[in-house]
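# Coordinate inspection notes
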Amino acid sequence: ETAELLERKEGMEADVITIGIQANAQFLPLYIAKEKNYIEDALSPYGISVVWNEYNTAIPLNRAINGGICDMGIMGDVPAVLGASNYGKTNVVGITSHAPDNYVIVVKKNSEISSPADLLRKNVGTVYGSTAHLFLKTYLENGGLSMEDINLTDINVGNILSYLEKDELDAVVCWEPHAARTVGLGVGEYLAKGSDVGLFGGFLFVARKDYTEKKN
C-alpha cells in the first residue's frame, strides 16, 4: 500500500497538496473541512488541488510524511516530536488545539481497577509512541509504578472494544472517539483522563521541511 501511494504521489502534478488525516475527536474540524471541500475551494483559485490520505494512527502517518507520500498531516505532540527526532525531515507549522482529556484510560465495566496501583502486573494496551503512551507512563509514575510493573501490549486502537469484551486486556489507554464508543456500548468505563496527570495533549500540523521550504 505504501509503495502504491508513493507511486501515485510521484505521478501527481506539482500543484497538488497531499494531507494525511487520522480518526481522532480533535481532528473533527479537519474532517468537516474535507467533507465540505473548504480547503479545496480555498486553494482552487491558485490552481492547487488537494488529495487526502487516511491513517489509523500517527505512526504510519509519520512514515508517510517523512517518506514523501504526504506533504503534511495532523497528529499528537508526542508522535510529532518523535517523528522530527527520528527522521529530521519535518517542521511544525501550527498547533491546532490541546485537549488532555482526549486521552483516557478505559477498563472493563465494573472492573475492580480504580487506581494506578491496581494496574500492577495487569495486561494494559496502548499505541507505542503515541501521546497515550506518555499518559500511561505518567499515570503509573504518579502511583509509584513504572512501565516494567505492567504487561504492556502495542494495540490497534480501533479494536479496544474487542480487547475488553474478550478480556484480552485489563485496561486500554487511547483517545477519543474510540473510548466513548466502548463506554457507550456498556463494555467499558473511564478510569482516568489526561488532565488527571497534567498532560498537555497538544495537536500539531506537521509538514515536510522540503515541502515548506519549496513553498516559501
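No experiment lies behind these values; they were computed from the predicted model shown.

The rules behind each value
- Residues numbered from 1 in each chain as written.
- Predicted model: local features only at pLDDT ≥ 70, side-chain atom pairs only at ≥ 80, totals over all residues.
- Heavy atoms only, no water.
- Helix = DSSP H or I, 4+ residues; strand = E, 2+ residues; numbered from the N terminus.
- Rg over C-alpha atoms; globule rule 2.2 N^0.38 Å.
- Buried < 20%, exposed > 50% of the residue type's maximum accessible area, 1.4 Å probe, protein only.
- Contact = heavy atoms within 4.5 Å.
- Areas by Shrake-Rupley, 256 points an atom, 1.4 Å probe, with all protein chains shown as cover.
- Lys, Arg positive; Asp, Glu negative; His and termini not counted.
- Charge placed at Lys NZ, Arg CZ, Asp CG, Glu CD.
- Pairing = 2+ DSSP bridges.
- Axes fitted to C-alpha atoms, helices over the stretch in contact; angles between N-to-C directions.
- Phe/Tyr/Trp six-rings, centres within 6.5 Å; stacked < 30°, edge-to-face > 60°.
- Expected span 1.5 Å × (residues − 1).
- Polar contact = N/O pair within 3.5 Å; in protein donor to acceptor, adjacent residues only side chain to side chain.
- Right-handed = clockwise from strand over helix to strand, strands pointing away.

On to the overall build of the protein. Of regular secondary structure, the protein possesses nine helices and ten strands. Compactness check: the protein gives a C-alpha radius of gyration of 19 Å against a globular reference of 17 Å for 216 residues, within 12% of the reference. Along the first, second and third principal axes, the C-alpha set of the protein runs to 60 × 35 × 30 Å. Evaluated residue by residue, the protein yields a buried proportion of 47% over its 216 residues. Within the protein, residue pairs in contact and separated by at least 24 positions form 76% of the contacts whose partners lie at least 6 positions apart. When the accessible surface of the protein is split by element, carbon and sulfur atoms take 50% of a total near 10700 Å². Charged side chains of the protein number 18 positive and 28 negative; the gap between the two group centres comes to 1 Å.

This next bit is on the sheet that holds strand S3 (residues 72–76). The mixed open sheet is built from five strands, whose spatial order is S2-S1-S3-S10-S4. Edge strands, defined here as strands with exactly one partner in the open sheet, are strand S2 (49–55) and strand S4 (90–98). Each strand of the sheet is rotated relative to its neighbour by a mean of 25°, with strand direction disregarded. Here strand S1 (residues 16–22) pairs with S3 via two bridges, running parallel. Looking at the pairing, Ile19 lines up with Met72 of S3. Packing against the sheet, helix H5 (residues 77–87) makes contact with S3, S4 and strand S10 (202–208), and its axis sits at approximately 125° to S3.

The next subject is the packing of aromatic side chains. Scanning the model with the defined rule gives four aromatic pairs in all. With 6.4 Å between their ring centres and 70° between their planes, Tyr103 and Trp175 make a pair best called edge-to-face. A residue pair is termed long-range when its members are at least 10 positions apart, and Tyr103 in strand S5 (residues 103–108) and Trp175 in strand S8 (residues 171–175) qualify at 72 residues. A single burial state applies to Tyr103 and to Trp175, both of which are buried. Three or more aromatic residues joined by ring pairs make a cluster, and in this case those are Phe27, Tyr103, Trp175 and Phe203.

If you check helix H6 (residues 131–142), its first and last C-alpha atoms are 17 Å apart, about what twelve residues at 1.5 Å a residue would give, namely 16 Å. Within H6, burial applies to Thr131, Ala132, His133, Phe135, Leu136, Thr138, Tyr139 and Leu140. Among the residues of H6, the N-terminal cap falls to Ser130, whose side-chain oxygen and the backbone nitrogen of Ala132 are separated by 3.3 Å. Just downstream of H6, Gly144 is the residue with a positive phi angle, here 85°.

The topology assignment puts Phe135 in helix H6. With 64 residues separating them along the chain, Phe135 and Leu199 place their C-alpha atoms 6.7 Å apart. Every residue in contact with Phe135, bar those within four places of it in the chain, is listed here: Tyr103, Val104, Ile105, Val173, Ala192, Lys193, Gly194, Val197 and Leu199.

What follows covers the environment of Ser195. The residue Ser195 is located in the loop between strand S9 (188–193) and S10 in this model. In sequence terms Ser195 and Val104 are 91 residues apart; their C-alpha atoms lie 9.3 Å from each other. In this structure Ser195 touches Pro100 and Asp101, once residues within four positions along its chain are discounted.

The pairing of strand S6 (residues 123–126) with strand S7 (residues 151–154) spans four bridges and is classified as parallel. Paired with Gly125 across the bridge in S7 is Thr153. Handedness of the crossover joining S6 and S7 through H6: right-handed. Relative to S8, S6 is paired through two bridges, and the arrangement is parallel. If you follow Gly125 over to S8, its bridge partner there is Val172.

As far as function goes, none of this settles anything; it's purely spatial.
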